[in-house]
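Read off the chains here:
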Amino acid sequence: MKAPPDSVLRIVYLSLGWLLIVLTPIVGALPGPGGIFVFAGGAALLLKNSNWVKRAYVRYARRYPKQGRLADKVLRRAPAPRGRTKTKTSD
């Protein structure tokens, strides 16, 4: 059996990520913290597979650095690139 192409898997992951985010309010209405985990799973899938979502996330993290660090920690991902790296010049 052949594995599906990467583009098909990417579309499946994107669809699943959006579905999880749409289901978050429904799951959030149930007792317990389930909505948080459903949203985090959907956001992680979208961040992994969507360039548009990555750019939006980096803009958000730059504008609100405290919440950006918290989101990085919750999603267990490397911090979003913030600012430009400065090179040291020896004079």
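Above this text you will find the structure in question.
What comes next is a walk through the structure. As the structure is a computational prediction, the values presented were derived from the model and not from experiment.

1. A look at the overall build of the chain
Across its full length, the chain carries four helices and zero strands. The linear arrangement of helices and strands in the chain, starting from the amino end, is α-α-α-α. Looking at the chain residue by residue over its 91 residues, the buried ones come to 21%. Contacts in the chain between residues at least 24 apart in sequence constitute 37% of all its contacts with a sequence separation of at least 6. For the chain, the exposed area adds up to about 7,600 Å²; of that, 65% sits on carbon and sulfur atoms.

2. Focus on a nonpolar patch on the surface
Side chains of Val8, Leu9, Val12 and Tyr13 sit close together on the surface and give an oily, nonpolar patch of about 300 Å² of accessible area. For Leu9, the location among the structural elements is in helix H1 (residues 6-28). Residue classification places Leu9 among the partly exposed positions, given a relative accessible area of 31%.

3. Details of the side chain of Asn49
Structurally, Asn49 is set in helix H2 (residues 34-49). Polar contacts involving the side chain of Asn49 include one to the main-chain carbonyl oxygen of Leu45, which spans 2.9 Å. Leaving out residues up to four positions away in the same chain, Asn49 has contacts with Arg10, Tyr13 and Leu14.

4. Focus on the nonpolar core
Leu14, Leu46, Leu47, Val53 and Tyr57 form the largest nonpolar core, which has five residues in total. Elements with a contribution of two residues or more to this core: H2 and helix H3 (51-63). Contact partners of Leu46, with chain neighbours within four places excluded, come to Leu14, Gly17, Trp18, Ile21 and Val53.

What counts as what
- The numbering scheme is per chain: residues are counted from 1 as the chain's sequence reads.
- For a predicted model such as this one, the threshold for reporting local features is a pLDDT of at least 70, and the threshold for listing and counting side-chain atom pairs is 80 or more; totals across whole chains, interfaces and linings nevertheless cover every residue.
- Excluding hydrogens and water, the side-chain values take into account all heavy atoms of the structure.
- Under the scheme used here, helices are H or I runs from DSSP no shorter than 4 residues and strands are E runs no shorter than 2 residues, and both carry numbers assigned from the N terminus.
- For every residue, the accessible area (1.4 Å probe, protein chains only) is compared with the maximum for its type, and the residue is labelled buried under 20%, exposed over 50%, or partly exposed between those bounds.
- Throughout, a contact is declared for two residues whenever any of their heavy atoms are within 4.5 Å.
- Surface accessibility in these figures is a Shrake-Rupley result with a 1.4 Å probe; residues are shielded only by whichever protein chains are displayed.
- A patch is a set of surface residues, each over 30% in relative accessible area and not in a salt bridge, joined within 9 Å for like charges and within 5 Å for the nonpolar side chains Val, Leu, Ile, Met, Phe, Trp and Tyr.
- When a carboxyl oxygen of Asp or Glu lies within 4 Å of a side-chain nitrogen of Lys or Arg, that pair is called a salt bridge.
- In protein, a polar contact requires one atom able to donate a hydrogen and another able to accept it; more generally it is a pair of N or O atoms within 3.5 Å, and residues adjacent in sequence count only if both atoms are side-chain atoms.
- The set of buried Ala, Val, Leu, Ile, Met, Phe, Trp, Tyr and Cys residues whose side-chain atoms join them within 4.5 Å is what this entry labels a nonpolar core.

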